[in-house]
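As a plain string of letters, each chain reads:
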Amino acid sequence: DFVLGLSVLLRGSVTEKLRWAFNLYDINKDGYITKEEMLAIMTSIYDMMGRYTLPSVRDDSPFEHVEKFFQKMDRNRDGVVTIDEFIETCQKDENIMASMQLFENVI
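Please read all numbers here as calculations on a predicted model, not as lab measurements. (Residues numbered from 1 in each chain as written. Predicted model: local features only at pLDDT ≥ 70, side-chain atom pairs only at ≥ 80, totals over all residues. Heavy atoms only, no water.)

Would you mind showing me how to read the packing of aromatic side chains here?
Given two aromatic rings, one states the distance between the centres and the angle between the planes to describe the pair. Taken as a whole, this structure holds four aromatic pairs when the rule is applied. With a centroid separation of 5.5 Å and an interplanar angle of 70°, the aromatic rings of phenylalanine 69 and phenylalanine 70 are classed as edge-to-face. Taking the relative accessible area as the measure of exposure, phenylalanine 69 reaches 12% and is therefore buried. Members of the aromatic cluster, connected to one another through ring pairs, are Phe22, Tyr25, Phe69, Phe70 and Phe86. Just above the ring of phenylalanine 70 sits the side chain of lysine 35; from NZ or CZ to the centre is 5.7 Å. (Phe/Tyr/Trp six-rings, centres within 6.5 Å; stacked < 30°, edge-to-face > 60°. Buried < 20%, exposed > 50% of the residue type's maximum accessible area, 1.4 Å probe, protein only. Lys NZ or Arg CZ within 6 Å of the ring centre and 35° of its normal.)

Below, the structure written as structure tokens:
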């Protein structure tokens, strides 16, 4: 899994990279990202960052991140983000598209 993920990040198309990212958040692999799944991932990420980062991370930061994600990604406001919503929204965001190019010249 690690090697396949690395291969996608280094050599995959933008769509392949976005599908990989979507699957990272879709914990139960049902084709939807729910707020609960996203909150679990965000909480883990913020926990890894630690309490001593500058600026310091507030306890409600993961929740706020999830809310912003859903405001942006949940285009039909049904409470879940589909792969199509995720890919379409990401492809329209210049910052996300720039970040997809970060690993292209690594190897």
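Explain the pattern of salt bridges to me, please; I cannot follow it from the model alone.
Scanning all chains against the criterion turns up four salt bridges. Note that arginine 75 is salt-bridged to glutamate 88, the shortest N-O span being 3.5 Å. Here glutamate 88 lies in helix α5 (residues 83-91) and arginine 75 lies in the loop between α4 (61-73) and β2 (80-82), a separation of 13 residues in the sequence. Under the relative-accessibility criterion, arginine 75 is labelled partly exposed at 43%. A relative accessible area of 35% places glutamate 88 in the partly exposed class. Here glutamate 88 and lysine 92 are joined by a salt bridge, their closest N and O atoms 3.2 Å apart. Each of Arg75, Glu88 and Lys92 takes part in salt bridges that share partners, so that together they form one network. (Salt bridge = Lys/Arg side-chain N within 4 Å of Asp/Glu carboxyl O. Helix = DSSP H or I, 4+ residues; strand = E, 2+ residues; numbered from the N terminus.)

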